[in-house]
Amino acid sequence: MENLEALRQELIGAIEQAEDPKALEDLRVTALGKKGKVTGLMKGLGAMAPEERKEAGAALNQLKTEIAAAIDEKSKTLETAALSARLEAESLDVTLPARPGPAGKIHPISQTIDEVTMILGDMGFSVAEGPDIEDDWHNFSALNIPPEHPARQEHDTFYLPGERDGHRLLLRTHTSPVQIRTMLTEKPPIRIIVPGRTFRCDYDATHSPMFHQIEGLLVDESTHMGHLKGCLEELCRTFFGVEDLPVRFRPSYFPFTEPSAEVDIGCTREGGTFRIGHGDEWLEILGCGMVNPKVLENGGIDPEKYQGFAFGVGIERLAMLKYGIPDLRTFYETDIRWLKHYGFSPLAVPNLIEGLNP
Ligand code: PHE
């Protein structure tokens, strides 16, 4: 029993002195492992007389429990100390800015639609939409383009099989049918813009069978051609970021506007590319005019009381000119390298109008 007390002191002392979990584990093996000191003594119990064994057994069991408890406690102390040491040694600067993760890019078409929408939104226009699949009444007849009108051929229409309310179905060739849809559902004053897909059977470096337009329509009692000119001059100058951009209104013809005009902006041609601004060349960028009274009538609006203007602009053309994209077809090739080069950061919203460095 005296030996046992000496062993107890030795082991407990060593456990208290242990400096790390490894030393502690070694001590556990030394004391309680298969070949450990306490285990060895336990094995000796069998050779003892019953009386002696009872006493020694109880003492050994108690020693075993004590040692296990001491190891346990020391282990917790070591863990806490290790954690404090780590906390002491490692520091985390929570004020460091986060590393930017990989972000997607905004396609130049979406970017251009957003820019034009913002400019016209500031002038009081709100966004309207219409279906890509139209019938020939909304796309042509209601817009004063009768069945045999040459403008129908010019539009190179994709027709669908089938009819709706006795009219042939087609993919809309322009966003102008939304003029009719809006007039039929809203009362003047009307001030809408319509960004959307349009379709014509045509394909080369400047034409794609699917492309985008933004339509504008304003109908009220007093808006005249002067307002049309002011609105579109402002749109062109703000969009291209050239304050004194030359803007020219050239007489033209559209069945749904009267009078009609095409808008040209000043530019210089350098090699194969255009530079928007002053120069001796003109570049056509949109069609417009005062809404034809027949169109107002087809839209259920009294042309004696109301008048207004409309315009339609091609999005791809605007994007190509502003961002120097030479071939229209690349817009739809979904080439990730192209998008990385010409795309826009989704987070740089405040710069929308000025445009961004891609
Ligand atoms: N819809 C015409 C086009 O696609 C553009 C336009 C719209 C012209 C509105 C005048 C008024 O070419």
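Keep in mind that what you see is a predicted model, and the values were worked out from it rather than measured.

A. Spotlight on the state of the cysteines. Enumeration according to the criterion identifies 0 disulfides in this entry. Sulfur of Cys267: no disulfide; nearest cysteine sulfur belongs to Cys236 and is 12 Å away. For Cys267, a relative accessible area of 0% gives the class buried.

B. Focus on the site of the ligand. Surrounding the ligand, one finds 14 residues, the nearest of these being His174, Ser176, Arg200, Gln213 and Gly312. A distance of 3.0 Å is found between a nitrogen atom of the ligand and a side-chain nitrogen or oxygen belonging to His174. Here an oxygen atom of the ligand and a side-chain polar atom of Arg200 are 3.0 Å apart. In isolation the ligand has 320 Å² of accessible area, and contact with the protein removes 91% of it. Breaking the shell around the ligand down by element, the ones donating at least two residues are β6 (210-220), β10 (281-291) and β11 (307-314). In terms of residues, the shell around the ligand owes the most to one element, β11, which gives 3 residues. When its residues are assigned to classes, the shell around the ligand shows 5 nonpolar, 7 polar and 2 charged.

C. Region of interest: unusual backbone geometry. Of the consecutive residues Pro188 and Pro189, the connecting peptide bond is found in the cis state with omega at 0°. Here the bond from Glu258 into Pro259 is cis, since omega is -5°, no more than 30 degrees from zero. In this structure, Thr334 takes a positive phi of about 45° despite not being glycine. Secondary-structure assignment places Thr334 in the loop between α11 (315-323) and α12 (336-342). Judged by relative accessible area, which is 75%, Thr334 ranks as exposed.

D. Quick peek at the packing of helix α2 (residues 21-32) against helix α3 (residues 37-44). Contact pair α2 / α3: the axes reach a minimum separation of 3 Å and the direction vectors enclose 10°. Viewed along their axes, α2 and α3 adopt a mutual orientation that is roughly parallel. Here Thr30, Ala31 and Leu32 of α2 come into contact with α3, specifically with Lys37, Val38 and Thr39. Broken down by class, the residue content of the contact of α2 with α3 amounts to 3 nonpolar, 2 polar and 1 charged.

E. Examining the domain arrangement of the protein more closely. On domain assignment, one finds that the protein holds domain 1 (4-89) and domain 2 (108-342). Look at where the C-alpha atoms of domain 1 and domain 2 centre, and you get two points 88 Å apart.

F. Spatial organisation of the sheet that holds strand β4 (residues 167-171). Strand order in the open sheet made by the 3 strands is β2-β4-β3, with antiparallel pairing throughout. This sheet does not close on itself; its edge strands, each paired only once, are β2 (133-135) and β3 (159-164). Neighbour-to-neighbour, the strand axes of this sheet turn through a mean angle of 35°, independent of strand direction. As paired elements, β2 and β4 share 3 bridges and run antiparallel to each other. Paired with Asp135 across the strands is Leu169, a residue of β4.

Calculation rules
Residues numbered from 1 in each chain as written. Predicted model: local features only at pLDDT ≥ 70, side-chain atom pairs only at ≥ 80, totals over all residues. Heavy atoms only, no water. Disulfide = S-S within 2.5 Å. Buried < 20%, exposed > 50% of the residue type's maximum accessible area, 1.4 Å probe, protein only. Near = heavy atom within 4 Å. Polar contact = N/O pair within 3.5 Å; in protein donor to acceptor, adjacent residues only side chain to side chain. Areas by Shrake-Rupley, 256 points an atom, 1.4 Å probe, with all protein chains shown as cover. Helix = DSSP H or I, 4+ residues; strand = E, 2+ residues; numbered from the N terminus. Nonpolar A, V, L, I, M, F, W, Y, C, P; charged D, E, K, R; others polar. Axes fitted to C-alpha atoms, helices over the stretch in contact; angles between N-to-C directions. Parallel < 35°, antiparallel > 145°, perpendicular 65-115°, else oblique. Contact = heavy atoms within 4.5 Å. Domains from an automatic or database assignment. Pairing = 2+ DSSP bridges.

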